Amino acid sequence: MALSRTVGSAGMFLPQLALLSAAALWGGGFFVTKLGLDYSGPFAIVALRFGAAALFLGILLRGSLLRLTRREQVGGFFVALFGAFGSVSVAYALKTEPSARVVFLAALYVPLVPLLHWSLFKRNPGRNIWAGVALAITGVGVMAGIANTTATLSTGDGFALASAGFIAMQVIVLGQFSQGVNTMALAWTTLLFTSLVAGLSSFLIGEPMPQLNQPVLFWIIIGFGISTAYIQFAMGWGQARVDASKASLIYATEPVFGGVIGWLAGETLGVADITGGLLIVTGFIIGAMPNSQHPFRFRAARNWFTIRFGAVRQTGEQFNDLP
């Protein structure tokens, strides 16, 4: 049975928190990926990272892996297909382009998700989602300082734009397959297929072997593997309960966390970074509100004042009529 997404605001808190934590870890992954690319090719590092994640999650699941359903296998494959090429495209872009520009271009998946969702399923996400999308993508643009960049698109920019399309489809496909399945089983199949797709691609294009004797790369694979296992589980569990358009807004906080990680690593955060971060968070808050919440609250407030002030006025009129 598919899980209904029409739950109360209290029930939405944990799923949205799970997606937010996934976005935080994913944002920090930009810096970690850039470090790992010194010792490995883009496809190879994605294969190793997701392979380690599949191993860690597989240890937790153990016997449950023998009872995988067809939906969990098929869903994991298609989510992995888009996710693998999305991650690899980001890695290729980071090899040649500044991270701020890559973050902006890759984050274009934020407006792509509701657009694709609307075109594929004829479901209008609502005005608050569109307002949140506008604020979020504006915030990403401010953070990236897009006004100071050239209009010419390089090969790296092309990879970043391609990643936006892949990630948008991954979010939509994950939202479709995450209902009515074992979330952890779906996460495991996604991790395994992502590792296999990336590993096979690395072999076919002739990437050099990763330098596994380097301690930095080894610990990146271990640490990033554990966090990736959690990210995939949190995304699947959260998106079974949160609409894909709203999930994309939560994922839009990724550059904020990426900027904080960079700042902790020694990079400086300017006024544009802080302003853009505030716009993104504001967009997330607006987009996370149910569509029916605004008019309901307005009517409730109006009725409350009408009843109470009407009662007070009526009492005053009665008091004035006393002899």
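Cut-offs applied
- Residues numbered from 1 in each chain as written.
- Predicted model: local features only at pLDDT ≥ 70, side-chain atom pairs only at ≥ 80, totals over all residues.
- Heavy atoms only, no water.
- Helix = DSSP H or I, 4+ residues; strand = E, 2+ residues; numbered from the N terminus.
- Buried < 20%, exposed > 50% of the residue type's maximum accessible area, 1.4 Å probe, protein only.
- Contact = heavy atoms within 4.5 Å.
- Areas by Shrake-Rupley, 256 points an atom, 1.4 Å probe, with all protein chains shown as cover.
- Core = buried A, V, L, I, M, F, W, Y, C linked by side-chain atoms within 4.5 Å.
- Axes fitted to C-alpha atoms, helices over the stretch in contact; angles between N-to-C directions.
- Parallel < 35°, antiparallel > 145°, perpendicular 65-115°, else oblique.
- Left-handed = near helix turned anticlockwise from the far one by under 90°.
- Nonpolar A, V, L, I, M, F, W, Y, C, P; charged D, E, K, R; others polar.
- Polar contact = N/O pair within 3.5 Å; in protein donor to acceptor, adjacent residues only side chain to side chain.
- Patch = residues over 30% accessible without salt bridge, like charges linked within 9 Å, V, L, I, M, F, W, Y side chains within 5 Å.
- Salt bridge = Lys/Arg side-chain N within 4 Å of Asp/Glu carboxyl O.
- Phe/Tyr/Trp six-rings, centres within 6.5 Å; stacked < 30°, edge-to-face > 60°.
- Lys NZ or Arg CZ within 6 Å of the ring centre and 35° of its normal.
- pLDDT = per-residue confidence, 0-100.

**Student:** Sorry if this is basic, but what is going on with the overall build of the chain here?
**Tutor:** Looking only at helices and strands, one finds 13 helices and zero strands in the chain. Every one of the 323 residues in the chain was classed for burial, and the buried ones make up 46%. Long-range contacts, defined here as pairs at least 24 residues apart, represent 91% of the contacts in the chain between residues at least 6 apart. Element-wise, carbon and sulfur atoms account for 69% of the exposed surface of the chain, whose accessible area totals about 16,300 Å².

**Student:** Explain the nonpolar core here, please?
**Tutor:** Core analysis: the largest hydrophobic core is formed by 70 residues, its most contacted members being L57, Y109, V113, L191 and Y251. In terms of residue count, the dominant contributor to this core is helix α2 (residues 42-61) (ten residues). Excluding residues that lie within four positions of it along the chain, Y109 makes contacts with A164, I167, A168, S248, Y251, A252 and E254.

**Student:** Could you clarify how one ought to interpret the packing of helix α5 (residues 109-121) against helix α7 (residues 155-177) in this entry?
**Tutor:** Two measures define how a pair of helices packs: the angle their axes make with one another and the distance between the axes. Look at α5 against α7: their axes get within 9 Å of each other, and the N-to-C directions meet at 55°. Considering the angle they form, α5 stands oblique to α7. In the packing of α5 onto α7, the handedness of the crossing is right-handed. Across the interface between the two elements, Y109, L112, V113, L116, H117 and F121 of α5 pack against A164, G165, I167, A168, M169, V171, I172 and Q176 of α7. Classifying every residue of the contact of α5 with α7 gives eleven nonpolar, three polar and no charged.

**Student:** I would appreciate a short explanation of the side chain of T189 in the present structure.
**Tutor:** Here T189 shows up in helix α8 (residues 183-205). For T189, the side chain forms a polar contact with the main-chain oxygen of E72, separated by 2.9 Å.

**Student:** Explanation requested: the packing of helix α3 (residues 70-96) against α8 in the structure shown.
**Tutor:** Packing of α3 against α8 brings their axes to within 7 Å, and their N-to-C directions diverge by 50°. As judged from the angle between their axes, α3 and α8 are oblique. Crossing handedness for the pair α3 and α8: right-handed. Residues E72, Q73, G75, G76, F77, V79, A80, L81, A84, F85 and Y92 of α3 pack against A185, L186, T189, T190, F193, T194, V197, S201 and I205 of α8.

**Student:** Looking at this structure, I do not really get a nonpolar patch on the surface. What am I missing?
**Tutor:** A cluster of nonpolar residues, F31, L35, V260, I261, W263 and L264, forms a patch on the protein surface that exposes about 530 Å² of accessible area. Contributions of two or more residues to the nonpolar patch are made by α1 (9-36) and α11 (254-264). Structurally, I261 is set in helix α11.

**Student:** What should I look at first to understand the packing of aromatic side chains in this one?
**Tutor:** Working definition: an aromatic ring pair is given by the centre-to-centre distance plus the angle between the planes. Taken as a whole and judged by the stated rule, the model has seven aromatic pairs. Centroid distance F77 to F78: 5.3 Å. Interplanar angle 75°. Geometry classified as edge-to-face. On the basis of an interplanar angle of 15° and a centroid distance of 4.9 Å, the ring pair of Y92 and F159 is categorised as stacked. Residue Y92 is found in helix α3, and its partner F159 is found in helix α7; the two are separated by 67 residues along the sequence. By the ring-pair criterion, three or more aromatic residues cluster together here, those being F43, F85, Y92, F159 and F166. Looking at R49, its charged tip hangs above the ring of W26, at a distance of 4.8 Å from the centre. A cation sits over an aromatic face here: R49 above F224, 4.0 Å from the ring centre.

**Student:** It is not clear to me how helix α10 (residues 244-251) should be interpreted in this structure. Could you clarify?
**Tutor:** In an α-helix there are 3.6 residues to a turn, and that puts residues three or four apart on one side. Across the eight residues that make up α10, a large majority, eight, are buried. Three or more residues of α10 are buried, namely A244, S245, K246, A247, S248, L249, I250 and Y251.

**Student:** I keep staring at the side chain of T194 and nothing clicks. Help me out?
**Tutor:** Note that T194 resides in helix α8. Each residue touching T194, except ones within four places of it in the same chain, is listed here: V46, F50, A80 and A84.

**Student:** I keep staring at the confidence of the model for the chain and nothing clicks. Help me out?
**Tutor:** Close inspection of predicted coordinates is inappropriate in any region flagged by low pLDDT. Mean pLDDT over the chain works out to 76, with 80% of the residues at or above the 70 mark. Per-residue pLDDT stays below 50 along residues 292-323; that stretch engages in four contacts with residues further than four places along the chain or on separate chains.

**Student:** Sorry if this is basic, but what is going on with the environment of G132 here?
**Tutor:** The residue G132 is located in helix α6 (residues 127-144) in this model. Exposure remark for G132: the relative accessible area of 0% places this residue in the buried category. As a C-alpha pair, G132 and I280 span 148 residues in sequence and 8.2 Å in three-dimensional space. The contacts of G132, once residues within four sequence positions are left out, are L249, G283, I286 and G287.

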